[in-house]
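Residues per chain, in single letters:
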Amino acid sequence: LPNEAGVPLLEREVDMLRKIGNEVKRCWFGDAQGDISRSYGTKGAGYLGHKIWRHMQERASEECHLRFIEFSCHDTTMSALATHLGIQINEIGFGAFFCFELHENEKGEHFVKFFYNKFPAKGASSYENLKCLELPLGRAERLLAD
């Protein structure tokens, strides 16, 4: 890791810098008091959140027949969207992604399952313990995606 003095960093120092960077990313769009409604997440990803919701709503009401839609974004946008949704993530690795799945229960009511994979580049093992939340997030205060 380059630095001004050219001093090689120990592995534990590199790990510490990575953890600091992850914490900075986690806080990019959050409100200091944890109030989602006052966070920059709404401003930073409100349109994207609305677009995802609109596609889900149109599919649920059979106005759209697309079965899969993919969006691509940078880690800053992922941080903003997570804050907007009230989801707290602690790391964003290369290729990290959110997955929103539309489901219908026996009563015909629709709900969305949310998944987060922070390190898909690790291969199959990164999919083994994915946590799932049902949106909206009224049932859980936040998701700490370990």
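Residues numbered from 1 in each chain as written. Predicted model: local features only at pLDDT ≥ 70, side-chain atom pairs only at ≥ 80, totals over all residues. Heavy atoms only, no water.

### A closer look at the confidence of the model for the chain
Part 1 of the reasoning: Looking at the chain as a whole, its pLDDT mean stands at 81, while 88% of the residues score no less than 70.
Part 2 of the reasoning: Note that pLDDT drops below 50 for residues 137–146; the model gives that stretch 24 contacts with residues more than four away or on any other chain. (pLDDT = per-residue confidence, 0-100. Contact = heavy atoms within 4.5 Å.)

### A look at helix H2 (residues 41–60)
Three or four residues apart is the spacing at which side chains of an α-helix point the same way, because the helix has 3.6 residues per turn.
Part 1 of the reasoning: In H2, a bend of some 40° at Tyr47 exceeds every other bend along the element.
Part 2 of the reasoning: Inspection of H2 places Gly41, Ala45, Gly46, Leu48, Gly49, Ile52, His55 and Met56 among the buried residues, and these make up the whole buried set.
Part 3 of the reasoning: Contact partners of the buried residues in H2: helix H3 (75–85), strand S2 (97–104) and strand S3 (110–117).
Part 4 of the reasoning: The positive-phi residue at the C-terminal boundary of H2 is Glu62, with phi of around 60°. (Bend = angle between axes of the 7 residues up to and from the residue. Helix = DSSP H or I, 4+ residues; strand = E, 2+ residues; numbered from the N terminus. Buried < 20%, exposed > 50% of the residue type's maximum accessible area, 1.4 Å probe, protein only.)

### Focus on the environment of Gly108
Part 1 of the reasoning: By secondary structure assignment, the location of Gly108 is in the loop between S2 and S3.
Part 2 of the reasoning: According to the relative accessible area criterion, Gly108 is partly exposed, its value standing at 34%.
Part 3 of the reasoning: Separated by 48 residues in sequence, Gly108 and Ala60 place their C-alpha atoms 9.6 Å apart.

### Describing the environment of Lys25
Part 1 of the reasoning: Mapping Lys25 onto the fold places it in helix H1 (residues 11–27).
Part 2 of the reasoning: Looking at Lys25, the relative accessible area reads 21%, which means it is partly exposed.
Part 3 of the reasoning: Separated by 51 residues in sequence, Lys25 and Thr76 place their C-alpha atoms 7.4 Å apart.
Part 4 of the reasoning: Dropping the residues within four chain positions of it, Lys25 is found in contact with Asp75, Ser79 and Ile92.

### A few points about the packing of aromatic side chains
Part 1 of the reasoning: The full count for this structure, using the stated rule, is five aromatic pairs.
Part 2 of the reasoning: When the centroid spacing of 6.5 Å and the interplanar angle of 80° are considered together, the rings of Phe98 and Phe100 count as edge-to-face.
Part 3 of the reasoning: What makes Phe98 buried here is its relative accessible area of 16%.
Part 4 of the reasoning: Looking at Phe100, the relative accessible area reads 19%, which means it is buried.
Part 5 of the reasoning: Seen from their ring centres, Phe98 and Phe114 are 5.1 Å apart, and the 50° between their planes marks the pair as tilted. With Phe98 in strand S2 and Phe114 in strand S3, this residue pair connects regions lying 16 residues apart in the sequence. No difference in accessibility class separates Phe98 from Phe114, as the two residues are buried.
Part 6 of the reasoning: Members of the aromatic cluster, each reached through a chain of ring pairs, are Phe98, Phe100, Phe114 and Tyr116.
Part 7 of the reasoning: The lysine or arginine in question, Lys122, covers the ring of Phe119, its NZ or CZ lying 4.7 Å from the ring centre. (Phe/Tyr/Trp six-rings, centres within 6.5 Å; stacked < 30°, edge-to-face > 60°. Lys NZ or Arg CZ within 6 Å of the ring centre and 35° of its normal.)

### Re the pairing of S3
Part 1 of the reasoning: As paired elements, S2 and S3 share eight bridges and run antiparallel to each other. Within S3, the residue paired with Phe98 across the bridge is Tyr116.
Part 2 of the reasoning: Across four bridges, the pairing between S3 and strand S4 (residues 132–135) is antiparallel. Bridge pairing in S4 places Phe114 opposite Leu133. (Pairing = 2+ DSSP bridges.)

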